[in-house]
Amino acid sequence: MFDSVTFLLEKLCLFSIFNLFKCTWSDDDKCRKHSHATSFQRGDLLEVPRTLFIHSGIYLGENKVAHLIPDILPNLTSDKNQINEVVTNKRLLLGVLSKTASIRVDTVEDFAFGSNILVNSMDHACKKQPLPSEDIAKRAEALIGVISYSLMWNNCEHFVTYCRYGSAASMQTDQFLEFLKSVVRDQRSVLFTVGLGLISIVCFGMAPSTALPTLLIPFILWMAG
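Here's a quick rundown of the structure. On a predicted model such as this, the values are computed, not experimentally measured, just so you know.

### Remarks on the overall build of the protein chain
For step 1, the next point in the chain: From N to C terminus, the protein chain includes 11 helices and seven strands.
For step 2, the next point in the chain: Put simply, the protein chain has 225 residues, and 39% of those count as buried.
For step 3, the next point in the chain: For the protein chain, the accessible surface area stands at approximately 13000 Å², while carbon and sulfur atoms represent 63% of it.

This is how it looks when you write it as structure tokens:
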């Protein structure tokens with residue numbers, strides 16, 4: 001049952017955000033993809049496509065990457081050997097739900113998880129001058145440890161942009177919020193939620209748990225739009 005739930009969560013997240021985040025890697029960036037640590041410099045900002053998102057980290061040298069990743073395991077055990085194992089999608093999803101993460105150091109290979117790596121592309125996208133390389137790496141090293149996680153306000157992009165540019169930001173979060181704005185502004189969302197509400201009433205009967213959302217959600221979307 002547990003495996004089925006996490007599988008469904010993963011697939012739902014994948015379909016809902018794929019179109020939002022796939023533009024993060026443009027065709028113009030393909031020439032800057034690398035997979036070998038020999039081409040990286042200490043303080044580089046590395047990005048890789050994961051199943052559900054674009055994941056970011058700071059290269060520390062000696063084939064090591066510091067990155068912020070959701071992880072439920074620090075809440076369940078103090079066994080360092082278990083915690084230091086590569087974070088699986090199941091651990092990651094449960095970390096998102098429990099709002100627990102860690103800034104950890106992994107090898108470039110474990111960080112990449114079989115994907116190519118894009119180097120410092122955010123410099124162009126953010127249009128900000130990066131801090132000195134050693135300062136970037138030292139900022140990342142100083143933050144290593146278990147922290148609270150927020151999908152919107154404290155994710156891996158917030159970590160790397162704070163380290164590299166001095167202020168935390170997330171383009172993926174901004175894209176998602178713009179998507180939500182477009183949904184609210186599109187008045188077809190009102191009709192869609194009304195339809196879902198009526199279906200729930202037909203399937204489960206008239207009750208406060210079905211009637212209230214059927215009225216309240218479309219009303220909020222109507223007023224917000």
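### Some details on the pairing of strand β3 (residues 54-61)
For step 1, the next point in the chain: Burial within β3 is extensive, with eight of its eight residues counted as buried.
For step 2, the next point in the chain: As defined by bridge partners, strand β2 (residues 45-49) adjoins β3 across five bridges and the pair is classed as antiparallel. The residue bridging E47 from the neighbouring strand is S56, located in β3.
For step 3, the next point in the chain: Where β3 and strand β4 (residues 64-70) come together, three bridges link them in antiparallel fashion. Note on β4: the bridge partner recorded for G61 is K64.
For step 4, the next point in the chain: The turn linking β3 back onto β4 is made up of two residues, and E62 within it adopts a positive phi angle of 55°.

### Side note on the environment of A137
For step 1, the next point in the chain: Mapping A137 onto the fold places it in helix α7 (residues 133-142).
For step 2, the next point in the chain: A relative accessible area of 0% means that A137 is categorised as buried.
For step 3, the next point in the chain: Separated by 92 residues in sequence, A137 and L45 place their C-alpha atoms 9.8 Å apart.
For step 4, the next point in the chain: With residues near it in sequence (within four places) discarded, A137 still touches R42, G43, I58 and L60.

### Considering the pattern of salt bridges
For step 1, the next point in the chain: Taken as a whole and judged by the stated rule, the model has five salt bridges.
For step 2, the next point in the chain: For E141, the salt bridge goes to R42, with nearest N and O atoms at 3.1 Å. On the criterion of sequence distance, the pair formed by E141 in helix α7 and R42 in the loop between β1 (33-34) and β2 is long-range, its members being 99 residues apart.
For step 3, the next point in the chain: Residue class for E141 comes out partly exposed when judged on its relative accessible area of 33%.
For step 4, the next point in the chain: Residue classification places R42 among the partly exposed residues on the basis of a relative accessible area of 24%.
For step 5, the next point in the chain: R104 is paired through a salt bridge with D106; the nearest N and O atoms lie 2.8 Å apart. The pair R104 / D106 is uniform in exposure class, with both members buried.
For step 6, the next point in the chain: Through salt bridges with shared partners, one network takes in R42, E134 and E141.

### So, the side chain of S189
For step 1, the next point in the chain: Tracing the backbone through its elements, the reader meets S189 in helix α10 (residues 188-204).
For step 2, the next point in the chain: Filtering out sequence-adjacent residues up to four positions away, S189 remains in contact with V183 and L221.

### Observations concerning the environment of G145
For step 1, the next point in the chain: Note on placement: G145 falls in strand β7 (residues 145-148).
For step 2, the next point in the chain: For the pair G145 and R104, spaced 41 residues apart in sequence, the C-alpha separation works out to 6.4 Å.
For step 3, the next point in the chain: When near neighbours in sequence (up to four residues on either side) are disregarded, G145 contacts A101, S102 and I103.

### Some points on α10
For step 1, the next point in the chain: An ideal rise of 1.5 Å per residue puts 24 Å on 17 residues; α10 measures up with 24 Å between its terminal C-alpha atoms.
For step 2, the next point in the chain: Phi turns positive one or two residues past the end of α10, at G205, with a value near 90°.

### A closer look at unusual backbone geometry
For step 1, the next point in the chain: For N63, which is not a glycine, the phi torsion comes out positive at approximately 65°.
For step 2, the next point in the chain: Counting through the fold element by element, N63 comes out in the loop between β3 and β4.
For step 3, the next point in the chain: Of note in this structure, K99 is not a glycine but carries a positive phi near 60°.
For step 4, the next point in the chain: Using a relative accessible area of 55% as the deciding quantity, one classes K99 as exposed.

Basis of the calculations
Residues numbered from 1 in each chain as written. Predicted model: local features only at pLDDT ≥ 70, side-chain atom pairs only at ≥ 80, totals over all residues. Heavy atoms only, no water. Helix = DSSP H or I, 4+ residues; strand = E, 2+ residues; numbered from the N terminus. Buried < 20%, exposed > 50% of the residue type's maximum accessible area, 1.4 Å probe, protein only. Areas by Shrake-Rupley, 256 points an atom, 1.4 Å probe, with all protein chains shown as cover. Pairing = 2+ DSSP bridges. Contact = heavy atoms within 4.5 Å. Salt bridge = Lys/Arg side-chain N within 4 Å of Asp/Glu carboxyl O. Expected span 1.5 Å × (residues − 1).

Function cannot be inferred from these measures alone, as they are strictly geometric.
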